[in-house]
Amino acid sequence: MKYDKLIFELSKPGKIGHKLPELDVEDVCIKELIPAELLNDGEIDLPEVSEPEVVRHFVNLSNKNFGVDTGFYPLGSCTMKYNPKINEAMCALPGFATLHPNVPECGAQGALQLMYELGEALNETSGMDACTLQPAAGAHGEITGIMLFKAYHENNKDFQRDKIIIPDSAHGTNPATATMAGYKIIEIKSCESGLVDIEALKAAVGDDTAGLMLTNPNTLGLFEKDIQEITKIVHEAGGLVYYDGANANAILGHVRPGDMGFDAIHYNLHKTFSTPHGGGGPGAGYVGCKDFLKDFLPVPIVVKNGERYSLSYDVPKTLGKMKDFYGHFGVLVRTYAYVLSMGSDGLKKVSDYAVLNSNYLANQLRDYYNLPENVKFKHEFVLGGLKNPNGLVTLDVAKRLMDMGYHPPTVYFPLIVHEALMVEPTESESKETLDGFAESMIKIAKEAETNPEIVHAAPHDTEIKRPDETLAAKELILKYTK
Ligand SMILES: *Cc1c(COP(=O)(O)O)cnc(C)c1O
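Residues numbered from 1 in each chain as written. Predicted model: local features only at pLDDT ≥ 70, side-chain atom pairs only at ≥ 80, totals over all residues. Heavy atoms only, no water.

**Student:** Which parts of the structure should I look at to understand the nonpolar core?
**Tutor:** The nonpolar side chains of soluble globular proteins are, as a tendency, buried together. Grouped together as the largest cluster of nonpolar side chains are 51 residues, with contacts concentrated most on Leu 201, Leu 269, Tyr 286 and Leu 332. Breaking this core down by element, the ones donating at least two residues are α5 (109-126), α8 (198-204), β4 (209-214), α9 (227-236), β5 (240-245), β6 (264-268), β9 (308-312) and α11 (329-365). Among the elements that line this core, the one with the most residues is α11, at ten residues. Domain assignment of the residues forming this core places at least three in each of domain 2 (87-342) and domain 3 (346-469). Excluding its chain neighbours within four sequence positions, the residues that come into contact with Leu 332 are Leu 114, Met 115, Leu 118, Leu 133, Leu 269, Ala 284 and Tyr 326. (Core = buried A, V, L, I, M, F, W, Y, C linked by side-chain atoms within 4.5 Å. Buried < 20%, exposed > 50% of the residue type's maximum accessible area, 1.4 Å probe, protein only. Helix = DSSP H or I, 4+ residues; strand = E, 2+ residues; numbered from the N terminus. Domains from an automatic or database assignment. Contact = heavy atoms within 4.5 Å.)

Written out as structure tokens, the structure reads:
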């Protein structure tokens, strides 16, 4: 990856990339209409470059992007799966893409029907009774769900329920969500096998329990075999159970959170349901809930009367709005296209192949990387570093993978696995791609023994090699300064 000049560095005074036509209407000085303090000093400091320079600059920038369309992206717990192009084509249909959010209901029947039917379809996969499509992301879905729990307890005058229980293998957004909703967190340790420790859960619940947040399969890729007992323990204590279904790639069409005993769930439509993901969004977080929570859902909800669809604000104890208008509609169109083009059999196959690919890959790596024995993984697995590290750590492996053309997997998460390297191949990768990745991982393990320096000095081909990540996160500089 060679360093290209910034567009400001290409600039030469007097170069022009675009010429506006001569003014053929009266020149109205808008300066007089704008308050003086809002006007700039006349210097806007735009780069001065030719048209080909502008085009090359932006095309080159776009080529520096790494995404699922350019290479294998085995990021654990994030389902960076391929986004079928039919989703994009459907989303770009002018009837959807140019629809104004303020158009009267009679002019938006198709869009409303799409949202209604998508909600029904997602409820069917999750085993829930009602839903909202408003949240803009997974974490936003979580807070919507936990606010539903809170509204429910407060409606029951159950004000002493001020704690949410979260296993130590949870995604970081879970404790953040519960804290933002005003709850105290009780963290319960996983048992040796990586699953929820039932005894620890029993000891943690009480009449101060508002709920439990759980990911199943958890972030180790393991299915909670005692899930019905887990949800029962929390329910018997008067708490509710929230399913973090950000990544439901392992269970689609096989088991439903509603049947496991969960009361509410979110899906990340930008993970499991194949809409684009990354760079900060936009995503979408479907939130489904059981009947007894539906009176608290955000407004508006889409309702069907006869053949007509409308937006209803008639939700008796609504939380109010979680997002302006109706959420990220374009993401909903893509999800709808995905669900319809896959069908229920197709969605089930997604999970079949996601789980098969994950186990296939895990087994190729187990001679070279630490991995528990005799475990069947779901959609992802977590390696515990190199078997013979020879002074190298997981970060070195991740950096070396970049030299081989791969986006590194998630590293050092979940926190409960030492030297964690978390891999999720997804259903959309071919056997050849998986074999190629395994070969590279094995090559790195062999290099660790014979030539550890080359791994430790990686990446070799990038302009920036090993930034100080703490500094980069705390003092993020995204602006050009001369
Ligand atoms: C990705 C993820 C989230 C957060 O989703 P965002 O859309 O990034 O807010 C929450 N939980 C789990 C398990 C996830 O994988």
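**Student:** I keep staring at the UniProt feature "modified residue: N6-(pyridoxal phosphate)lysine" (unreviewed entry) in the protein chain and nothing clicks. Help me out?
**Tutor:** With numbering aligned to this structure, UniProt lists the feature "modified residue: N6-(pyridoxal phosphate)lysine" (unreviewed entry) at Lys 271. With respect to the element layout, Lys 271 can be found in the loop between β6 and β7 (285-289). We classify Lys 271 as buried; its relative accessible area is 7%. If we skip the residues at most four places from it in the chain, Lys 271 touches Ser 77, Cys 78, Thr 79, Lys 81, Ala 246 and His 277. (UniProt positions renumbered as here; feature names shortened; annotations may be inferred.)

**Student:** How should I be thinking about the site of the ligand in this particular structure?
**Tutor:** If you check the shell around the ligand, you find Ser 77, Ala 137, Gly 138, Ala 139, Glu 142, His 171, Thr 173, Asp 244, Ala 246, Asn 268, His 270 and Lys 271 and nothing else. Within the backbone of Ser 77, an N or O atom sits 2.6 Å from an oxygen atom of the ligand. Within the side chain of His 270, one N or O atom sits 2.7 Å away from an oxygen atom of the ligand. When isolated, the ligand has an accessible area of 380 Å², and the protein chains bury 86% of it. A class-by-class count of the residues in the shell around the ligand yields three nonpolar, six polar and three charged. (Near = heavy atom within 4 Å. Polar contact = N/O pair within 3.5 Å; in protein donor to acceptor, adjacent residues only side chain to side chain. Areas by Shrake-Rupley, 256 points an atom, 1.4 Å probe, with all protein chains shown as cover. Nonpolar A, V, L, I, M, F, W, Y, C, P; charged D, E, K, R; others polar.)

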